[in-house]
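# Observations on chain architecture
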Amino acid sequence: MKKKILLPTDFSKNAWSALRYASELYKKEEVEFYILTAFKVHESALENVKLPDPGERYFEEARVVIEKQLQKLQKHIEVLDIPNHHSFLTKAIYDTPVLAVKNFVENNDIDLVIVGSKGKADTIDKVLGSNTVEFMEKVRSCPVLVVPPETYFKEPNEIVFPTDFKLNYNRSQLIHLSEISRITDAPIRILHINKSDELTEDQINKKELLETIFDGINYTFHYLENTEVQTGLDIFIQSRESEMIAFINRKHTFFGSIFSRPLVKDLGYNAKVPILALHDSQN
């Protein structure tokens, strides 16, 4: 069965980098890529507060402009060395980027969203960048892989998976992490950061559950003590030059116990490696 991957675009260089990265990451897999852009009619063009409907002047003028951009993008894709088992379909939706992506994912059985992120000092590619954290938080029907600016594909040396061993993990929740590990031969480094060196009985059970789920995959456990999560994760990644991070985004604690708000901003906007945001199936 073909994998269905959504690539939101604002026609920026970062969106293009994410597209190239996606095709390289899944070069051995059969994939249908959906390139989605969202558009709106500029408020200054409206003669009244009523939003235009399909067929009306301002709507059609905006649609024509965006369709031409998609056609141009499609031509750029055609000159790339793309695997024959990859196809690219384009779609323009009249909505905000986040709502357009969220609804498209839910209505089209999308497996994964891959989106480019803007850099901290980048003031040009601001549309997708400003929505990166919202994609990670609000698109919950499938995982979201965030690709930093100017990222050229290389198979990751390892994937860091920070966890507190408190979730009821399941295979469907972690299938994309396992798949990326498999297709890139990247081992998973399960990182536990805690203020105590001892796990509770419940944590031990959850750790054993992870061992069962990752059976057959190359993984190792790593532990850091007496440090904040943000600091410990940064030190671990930098010292090992890790090239991908995966984490489970808990809907109600995204800014809470596991990831503090500054870390979320760092992951969403300023990360130097791709970030795979998975979702807690219990929420």
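Residues numbered from 1 in each chain as written. Predicted model: local features only at pLDDT ≥ 70, side-chain atom pairs only at ≥ 80, totals over all residues. Heavy atoms only, no water.

### Digging into the overall build of the protein chain
Along its length, the protein chain carries 8 helices and 10 strands. Per-residue burial for the protein chain yields a buried fraction of 51% across its 283 residues. Put simply, of all contacts in the protein chain between residues at least 6 apart along the chain, 83% involve residues at least 24 apart. (Helix = DSSP H or I, 4+ residues; strand = E, 2+ residues; numbered from the N terminus. Buried < 20%, exposed > 50% of the residue type's maximum accessible area, 1.4 Å probe, protein only. Contact = heavy atoms within 4.5 Å.)

### Points about helix α5 (residues 171-184)
Between its first and last C-alpha atoms α5 spans 19 Å; for 14 residues at 1.5 Å apiece the expected length is 20 Å, and the two agree. Helix geometry: α5 is bent most strongly at L177, by close to 30 degrees. Across the 14 residues of α5, 10 count as buried, placing the element largely inside the fold. After α5 finishes, the residue D185 shows a positive phi value of roughly 60 degrees. (Expected span 1.5 Å × (residues − 1). Bend = angle between axes of the 7 residues up to and from the residue.)

### Some details on the pairing of strand β4 (residues 112-116)
Most of β4 sits inside the fold, with 5 of its 5 residues counted as buried. Neither face of β4 is open: one carries L112, I114 and G116, the other V113 and V115, and all of them are buried. Bridge count between strand β1 (residues 3-8) and β4: 2 bridges; the pairing is parallel. Each bridged residue has a counterpart across the sheet, and for L6 the counterpart in β4 is V113. Bridge analysis of β4 against strand β5 (residues 144-147) gives 4 bridges, and the strand direction is parallel. Among the inter-strand pairings, V115 is bridged to a residue of β5, identified as V146. (Pairing = 2+ DSSP bridges.)

### Overview of helix α7 (residues 229-240)
Each turn of an α-helix holds 3.6 residues, which means side chains three or four residues apart point in the same direction. In this model, α7 (12 residues) spans 17 Å end to end at C-alpha, consistent with the 16 Å of a helix rising 1.5 Å per residue. Within the sequence span of α7, burial applies to G232, L233, F236 and I237. Buried residues of α7 fall within an arc of 120 degrees about the axis and therefore sit on the same side. Pointing more than 90 degrees away from the buried face of α7 are the exposed residues Q238 and S239. (Arc of directions from axis to C-beta.)

### Details of the pattern of salt bridges
The full count for this structure, using the stated rule, is 11 salt bridges. Close ionic contact of R182 with E179 constitutes a salt bridge, the shortest N to O distance being 3.9 Å. Here E179 and R182 lie together in helix α5, a separation of 3 residues that amounts to about one turn. When salt bridges with common partners are traced through the structure, they connect K3, E29, E179 and R182 into a single cluster. (Salt bridge = Lys/Arg side-chain N within 4 Å of Asp/Glu carboxyl O.)

### Focus: the nonpolar core
Counting residues in hydrophobic clusters, the biggest one holds 48 residues, and the most contacted among them are L7, Y26, I114, F161, L174, L177 and F214. Apart from residues lying up to four places away in sequence, Y26 is in contact with K3, I5, V31, H86, L112, I114, E179, I180 and I183. By size, the runner-up hydrophobic cluster in this structure holds 29 residues, among which are F104, V105, I110 and V144. (Core = buried A, V, L, I, M, F, W, Y, C linked by side-chain atoms within 4.5 Å.)

### Description of the confidence of the model for the protein chain
Confidence in the prediction of the protein chain, expressed as mean pLDDT, is 83, and 81% of residues score 70 or more. Here helix α8 (residues 261-270) is the element of the protein chain with the lowest mean pLDDT, 48, and β1 is the one with the highest, 97. Across residues 120-127 the pLDDT falls below 50, and counting only partners more than four positions away or on other chains, this stretch makes 11 contacts in the model. Under a pLDDT of 50 for its full length, residues 253-264 has, in the predicted model, 24 contacts with residues more than four places off or in other chains. (pLDDT = per-residue confidence, 0-100.)

### Here's the deal with the environment of P156
Examined against the element boundaries, P156 turns out to sit in the loop between β5 and β6 (159-162). The spacing of P156 and M244 is 88 residues in sequence and 6.3 Å in space, taken between C-alpha atoms. P156 has contacts with T184, A186, E243 and M244, leaving out every residue within four places of it along the chain.

### Considerations on the packing of aromatic side chains
On inspection of all chains with the given rule, the structure shows 8 aromatic pairs. Ring geometry for F39 and Y94: centres 5.3 Å apart, planes at 65 degrees, overall edge-to-face. Residue F39 is found in strand β2 (residues 31-39), and its partner Y94 is found in strand β3 (residues 86-94); the two are separated by 55 residues along the sequence. Between F165 and F221, the ring centres sit 6.0 Å apart and the planes meet at 55 degrees, which makes this aromatic pair tilted. Here F221 lies in strand β8 (residues 219-225) and F165 lies in the loop between β6 and α5, a separation of 56 residues in the sequence. F165 sits in the buried class, given a relative accessible area of 0%. K207 extends its terminal NZ or CZ atom over the ring of F221, reaching a point 4.3 Å from the ring centre. (Phe/Tyr/Trp six-rings, centres within 6.5 Å; stacked < 30°, edge-to-face > 60°. Lys NZ or Arg CZ within 6 Å of the ring centre and 35° of its normal.)

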